[in-house]
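One letter stands for each residue in the lines below.
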Amino acid sequence: YRFFSEVDICHYNPSWHCLRVQGKILPHAPSQQKVVSFHVFEPTEVSVCLFQPSNRYLGSTSRTADLALLILAIPNESRNSQSSSLPHPVECVAASQSHILQTVSCSALLNPGRYAVLPLSFKEWYQQTPGQSLHDQSSISYVIALFSSKILECEENVPTGPGFLSESIFLCAKKNGKCQEPGLNVKLRTLHLRPSFFVIICENHSAQFHVNIMCNAQNSVNACSTRQELLCQDCIPPQHKQIVIVLSQLELLNYVYYQFSFNVQQTHLNPQGKWGAYHTPHLDQVNTELHSPRLLLRNEMNYEMNYNNEECIIS
C-alpha cells in the first residue's frame with residue numbers, strides 16, 4: 001500500500017453469465033424490503049458482488065456505507081397470494097465480510113432451487129438527519145452483480161414481508177455465529193461479520209417467564225448502534241427471540257473494537273407490570289422491523305431446560 005490505499009481486481013471469465021441489478025441502501029429497516037431473487041436449475045457456482053459509488057476521484061461528495069451481503073435459500077413455493085411477498089428464507093447459504101468499502105463479495109456452490117441476495121448496511125441508520133421523516137432521508141445507490149457458470153433466472157425488486165430481514169440475520173447467526181447458554185432457558189448468540197458488523201441475539205425458550213436482558217457495549221471503540229445507544233435493556237416474552245443490538249464500524253480509518261457485557265434475569269412480567277415486550281431505548285420507525293421480538297420457530301423450540309429463577313451476568 002505504498003502508492004494505493006486499495007486495488008480493485010475485476011473477474012473475467014468469458015464462459016460465465018453475468019446479471020446486474022440496481023437498488024438503494026435505505027437508512028432504516030423497511031417492513032417490505034425489495035431484494036434480488038434468482039432460480040438455479042442445475043448445480044453451479046455463483047459469485048455475488050455488491051458495489052456502491054466510488055469516492056476516489058477529487059471532489060467526490062458521495063457517502064460510503066458499510067456493506068455486507070447474504071445469499072439465502074428460499075422455499076420452493078409460490079409467493080403469498082395476498083401480499084405477493086417472498087417467503088421467509090430457510091437457510092443462510094453464504095455471507096460476505098462487512099466493510100466500509102466500495103465493494104464486498106461472496107460465492108457459493110448452489111444446488112437447484114430458489115435463492116435471494118440480501119444487502120446489509122447499518123451505519124446509515126445512525127447518521128440520519130434529526131427531524132426528517134424516513135421518506136426525506138437520502139439513500140445510497142448500489143449495483144448487485146451475479147456471476148454464474150450456468151444460466152440463472154433472475155427477478156428484480158422482489159418484495160419481502162415483515163420479518164424477512166431479522167429472520168435472515170437469525171439464520172446467519174445460527175450458521176456462522178457463536179452460542180452461549182447461561183441458563184434460565186436462554187440462548188445468547190453473537191455474530192461477527194468481520195470487521196464491521198457485530199450482532200447480539202437473545203432467545204427466550206421459557207414457556208412461562210419473560211427475560212430481561214441488559215446489553216452494555218459502552219466500552220466499544222469507533223462503534224455505532226442500530227439502537228442509537230450502546231446501552232440497551234429489553235424484556236423478551238416467552239418463546240420469543242430478538243436481535244438485541246447491531247454494532248457497526250463508525251469510521252473506516254479508525255480502529256474498531258467491540259466490548260460488551262450481559263445481565264440476564266427472568267421475570268413474570270415486563271417492567272411495566274404487563275405481559276409483553278418492553279424496550280429501553282424505545283424502538284422507533286427506523287429500527288422496529290429489525291429489533292421487534294419474533295416467535296421462535298417450531299424447530300427452534302427443541303428444549304426446555306430446568307433452571308432456578310436467578311440472575312446471570314456475562315462479560
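Residues numbered from 1 in each chain as written. Predicted model: local features only at pLDDT ≥ 70, side-chain atom pairs only at ≥ 80, totals over all residues. Heavy atoms only, no water.

**Looking at the pattern of salt bridges**
And then number 1: The final tally for this structure, using the stated rule, is seven salt bridges.
And then number 2: One salt bridge in this structure joins Lys-123 and Glu-124, with 4.0 Å as the shortest N-O distance. For the pair shown, Lys-123 and Glu-124 are each scored as buried.
And then number 3: Across the salt bridge formed by Arg-294 and Glu-289, the nearest N and O atoms sit 3.4 Å from each other. (Salt bridge = Lys/Arg side-chain N within 4 Å of Asp/Glu carboxyl O. Buried < 20%, exposed > 50% of the residue type's maximum accessible area, 1.4 Å probe, protein only.)

**Brief notes about the sheet that holds strand S8 (residues 140-148)**
And then number 1: The strand order across the open sheet formed by four strands is S1-S8-S3-S6, and the pairing between neighbours is antiparallel. With one partner strand each, in any of the chains shown, strand S1 (17-25) and strand S6 (103-110) form the two edges of the open sheet. Taking each pair of neighbouring strands and ignoring which way they run, the sheet shows an average axis angle of 15°.
And then number 2: In this structure, strand S3 (residues 44-51) lies alongside S6, joined through eight bridges in antiparallel fashion. Across the sheet, residue Ser-47 finds its bridge partner in S6, namely Ser-107. (Pairing = 2+ DSSP bridges. Helix = DSSP H or I, 4+ residues; strand = E, 2+ residues; numbered from the N terminus. Axes fitted to C-alpha atoms, helices over the stretch in contact; angles between N-to-C directions.)

**Digging into the sheet that holds strand S9 (residues 152-159)**
And then number 1: Spatially, S5-S4-S7-S2-S9 is the arrangement adopted by the five strands of the open sheet, whose pairing is antiparallel. Bordering the open sheet on either side are strand S5 (91-95) and S9, each of which pairs with just one other strand. On average, each strand axis in the sheet is inclined to that of its neighbour by 25°, with strand direction left out of account.
And then number 2: Here five bridges tie strand S2 (residues 34-40) to strand S7 (residues 113-120), and the two strands are oriented antiparallel to one another. Counterpart to Phe-38 in the pairing with S7 is Tyr-115.

**Overview of the confidence of the model for the protein chain**
And then number 1: Overall, the predicted model of the protein chain reaches an average pLDDT of 87, with 86% of residues at or above 70.
And then number 2: Confidence drops under a pLDDT of 50 for residues 304-311, and excluding neighbours within four residues, the segment shows 20 contacts in the predicted structure. (pLDDT = per-residue confidence, 0-100. Contact = heavy atoms within 4.5 Å.)

**A word on the pairing of strand S13 (residues 210-216)**
Where a strand is regular, its side chains alternate between the two sheet faces.
And then number 1: Of all seven residues in S13, five are buried; the element is thus mostly enclosed.
And then number 2: Looking at chain direction, S13 and strand S17 (residues 261-267) are connected through seven bridges and run antiparallel. Looking at S17, one finds that His-210 is bridged to Thr-267.
And then number 3: The pairing of S13 with strand S15 (residues 231-236) spans six bridges and is classified as antiparallel. Bridge pairing links Val-211 to Ile-236 in S15.

**Looking at the side chain of Thr-190**
And then number 1: By secondary structure assignment, the location of Thr-190 is in strand S11 (residues 186-193).
And then number 2: Ignoring anything within four residues of it in the chain, the contact list for Thr-190 reads Gly-177, Lys-178, Phe-198, Val-199, Ile-200 and Phe-260.

**Thoughts on the environment of Val-117**
And then number 1: When you line up the elements, Val-117 lands in strand S7.
And then number 2: Assessed through its relative accessible area of 0%, Val-117 is described here as buried.
And then number 3: Through-space distance from the C-alpha of Val-117 to that of Leu-50 is 9.7 Å; in sequence the pair is 67 residues apart.
And then number 4: Apart from residues lying up to four places away in sequence, Val-117 is in contact with Val-35, Val-36, Phe-38, Val-48, Leu-70, Ile-144 and Leu-146.

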